[in-house]
Amino acid sequence: GGGVCPSLFQSLVLVSRLPYVNLFQCLLQLIAPEYFDKLDPCLEAVCSEIDQWPLPVPGRMLNLPLMGVVIQVRVPSRVDKLGSSPDKPVNQENLLPAPLVLSSVYELDLFRCFQPVLTHVQLLWELMLLAEPLVVLAPSPAVSSETVLALTSCLAPLKYCCDYRPYFTIHDSEFKEYTTRTQAPPNIVLGVTNPFFIKTLQHWPHILRLGELKMAGDLPKQVKMKKLAKLRSLDAKPGLYSSYKTFLHKDKGLLKRLLKGIHKKRSSEAQSALLRRYFLELTQSFLIPLEHYMASLMPLQKAITPWKNPPPIRPFQQEEFLRTLEHAGPQLTCVIKGDWIGLYRRFFRSPNFDGWYRQRHKEMTHKLEVLHLEAISEAVCGEGREAAGWHPACWVSSAKQGCRRVSL
């Protein structure tokens, strides 16, 4: 802008506690050009408009006016079914001009993010599942950030429980910690753009070097698997530098379906939905045996009595779980073959397993407490009815009221 030293970078930063990446990217694309032209007066006008927006109530459709444009979005809800397409916002108010409709406030365009690595998405899914240290060296902060966010989102509904930095620079406080060779790299995904990191992070086990997107026929040019020893110079060619061997056999059908979509000129949104469904089904096939086994550790309801503490949840026995896979493993829901047992064994050593187990154990403990309280309230209500000589017809409604009081 005028009066600003040309050697200085200007940035517009949007800070929020909400992970609505897609919405915020849209906002910045609208605001930034005006801001760099008009500076503070533009921000004042934008903040005034945003201050009038309705609260982001889960499940609601919102019309968000900003700089002459109405952005129409639906706020996600906990009850939304994973893998299904939520109802798109519908223009019910005959808004003029026509609203800018976003299909999702938080979901990235996975197909665009993974274009140069479509042949390796299954391998990358395994790296994320096992919380392996990974560096994404991209040509721009935007590509770096979107790739890292896409990688960490591909495990849904399993939560990625490690740290990740969509855009990491040499000025970050952890720079020395992450570049030291005196200890193993941490479980983290780093997005970087400075080629200097090729030299400082050579000891990391997995480095994804991305270049400018180029087409090779109908499909964008795919990066190749390369040995880490070849990652020497700062101008190293794009590639996935790793010696990792996948536990599961490659699903060649996914690439065929994506290529078919390209030939049919299917939209990027539809291709992303295909990818998202693929990741969801793969993760669910991996999780279902774990969920079934975890449920078997819960004490039987008949063992919960009001006169003593509820029985404890049985401990998770890894070998016992692995024995269940022969008859109730991922092969029941997934056509991909391979060393599933080996994958589970590695998963047990990852922070993602620890995070998943702690959350499930917490939920089960809460369920036990609720069942115990219900047993106590039923006993208290029963004693009260007997002492008062109540007629059986009154017992049901009175017991329900008592249960609600005790639970509170």
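To be clear, the structure that these remarks concern was listed above.
Here is what the cut-offs are and how they apply
Residues numbered from 1 in each chain as written. Predicted model: local features only at pLDDT ≥ 70, side-chain atom pairs only at ≥ 80, totals over all residues. Heavy atoms only, no water. Helix = DSSP H or I, 4+ residues; strand = E, 2+ residues; numbered from the N terminus. Contact = heavy atoms within 4.5 Å. Areas by Shrake-Rupley, 256 points an atom, 1.4 Å probe, with all protein chains shown as cover. Pairing = 2+ DSSP bridges. Axes fitted to C-alpha atoms, helices over the stretch in contact; angles between N-to-C directions. Phe/Tyr/Trp six-rings, centres within 6.5 Å; stacked < 30°, edge-to-face > 60°. Parallel < 35°, antiparallel > 145°, perpendicular 65-115°, else oblique. Left-handed = near helix turned anticlockwise from the far one by under 90°. Nonpolar A, V, L, I, M, F, W, Y, C, P; charged D, E, K, R; others polar. Core = buried A, V, L, I, M, F, W, Y, C linked by side-chain atoms within 4.5 Å. Buried < 20%, exposed > 50% of the residue type's maximum accessible area, 1.4 Å probe, protein only.

**Student:** Go over the overall build of the chain, please, and point to the residues and values.
**Tutor:** Of the regular secondary structure elements, the chain holds 13 helices and 11 strands. Considering only intrachain contacts with a sequence separation of at least 6, the fraction spanning at least 24 residues in the chain is 68%. Carbon together with sulfur atoms contributes 56% to the accessible area of the chain, which is approximately 23700 Å² in total.

**Student:** Run through the sheet that holds strand 3 (residues 100-101), naming residues and quoting values.
**Tutor:** If you trace the 3 strands from one edge of the open sheet to the other, you get 1-2-3, paired in mixed fashion. Among the strands making up the open sheet, the edge pair consists of strand 1 (61-66) and strand 3. Across 6 bridges, strand 1 lies against strand 2 (residues 69-74) in antiparallel orientation. What sits directly across from leucine 62, in strand 2, is valine 73. The strands touched by helix 1 (residues 21-38) are strand 1, strand 2 and strand 3; relative to strand 2, the strand with the most contacts, the crossing angle is about 175 degrees.

**Student:** Tell me about the packing of aromatic side chains, and name the residues and values.
**Tutor:** Applying the stated criterion to the full structure yields 24 aromatic pairs. For the ring pair phenylalanine 168 and tyrosine 178, a centre distance of 5.5 Å and an interplane angle of 45 degrees mean the geometry is tilted. Of the two residues, phenylalanine 168 is situated in the loop between strand 5 (163-165) and helix 6 (175-179) and tyrosine 178 in helix 6; the sequence distance between them amounts to 10 residues. A centroid spacing of 4.2 Å and a plane angle of 15 degrees characterise the contact between phenylalanine 286 and tyrosine 344, whose relative ring orientation is stacked.

**Student:** Account for the packing of helix 4 (residues 121-129) against helix 9 (residues 268-296), naming residues and giving values.
**Tutor:** It is the contact of helix 4 with helix 9, at a shortest axis distance of 12 Å, that shows an interaxial angle of 45 degrees. Taken together, the axis directions place helix 4 and helix 9 in an arrangement best described as oblique. Both helix 4 and helix 9 take part in a crossing whose hand is right-handed. Of helix 9, the residues touching helix 4 (which contributes Val121, Gln122, Trp125 and Leu129) are Tyr278, Phe279, Leu282, Thr283 and Phe286. Here the residues of the contact of helix 4 with helix 9 sort into 7 nonpolar, 2 polar and no charged.

**Student:** So what about the nonpolar core? Which residues, and what values?
**Tutor:** Within the largest apolar cluster, 69 residues are counted, with the highest numbers of intra-cluster contacts made by Phe114, Trp125, Phe286, Leu290 and Phe316. Not counting residues within four places of it along the chain, the set of residues in contact with phenylalanine 316 comprises Leu290, Tyr293, Met294, Leu297, Phe321, Phe348, Phe353, Trp356 and Tyr357. Cys26, Ile31, Ile71 and Val105 belong to the second largest nonpolar core, which has 18 residues in total.

**Student:** Go over the sheet that holds strand 6 (residues 188-192) with me, naming the residues and quoting the values.
**Tutor:** Here we have 6 strands laid out as an open sheet, ordered 5-6-4-7-11-10, and mixed in their pairing. Taken across any chain shown, the strands that pair with only one partner, and hence form the sheet edges, are strand 5 and strand 10 (225-226). Pairing of strand 7 (residues 206-209) with strand 11 (residues 239-242), which is carried by 4 bridges, proceeds in the antiparallel orientation. Bridge pairing links arginine 209 to glycine 239 in strand 11. Its contacts with the sheet put helix 4 on strand 4 (134-137), strand 6, strand 7, strand 10 and strand 11, and the angle it makes with strand 11 is roughly 45 degrees. Of the strands in this sheet, strand 4, strand 5 and strand 6 are in contact with helix 5 (residues 141-153), which crosses strand 6 at around 160 degrees.

**Student:** Pulling in residues and values, what's your account of the pairing of strand 11?
**Tutor:** Of the two faces of strand 11, both are covered, the one formed by Gly239 and Tyr241 as well as the one formed by Leu240 and Ser242. The sheet contact formed by strand 10 and strand 11 spans 2 bridges and is parallel. Directly across from methionine 225, in strand 11, lies its bridge partner leucine 240.

**Student:** Explain the environment of alanine 142 residue by residue, including any values.
**Tutor:** Along the chain, alanine 142 turns up in helix 5. Distance from alanine 142 to glycine 191, taken between C-alpha atoms, is 9.8 Å for residues 49 residues apart in sequence.

**Student:** Just give me the short version of the packing of helix 8 (residues 252-263) against helix 9, but keep the residues and values in it.
**Tutor:** Between helix 8 and helix 9, whose axes approach to 10 Å, the crossing angle comes to 165 degrees. Between helix 8 and helix 9, the crossing angle belongs to the class labelled roughly antiparallel. Of the two elements, helix 8 crosses helix 9, and the hand of that crossing is right-handed. Side by side, helix 8 and helix 9 meet where Leu254, Arg257, Leu258, Gly261 and Ile262 of the first sit next to Gln271, Leu274, Leu275 and Tyr278 of the second. Looking at the contact of helix 8 with helix 9 residue by residue, the class counts come to 6 nonpolar, 2 polar and 1 charged.

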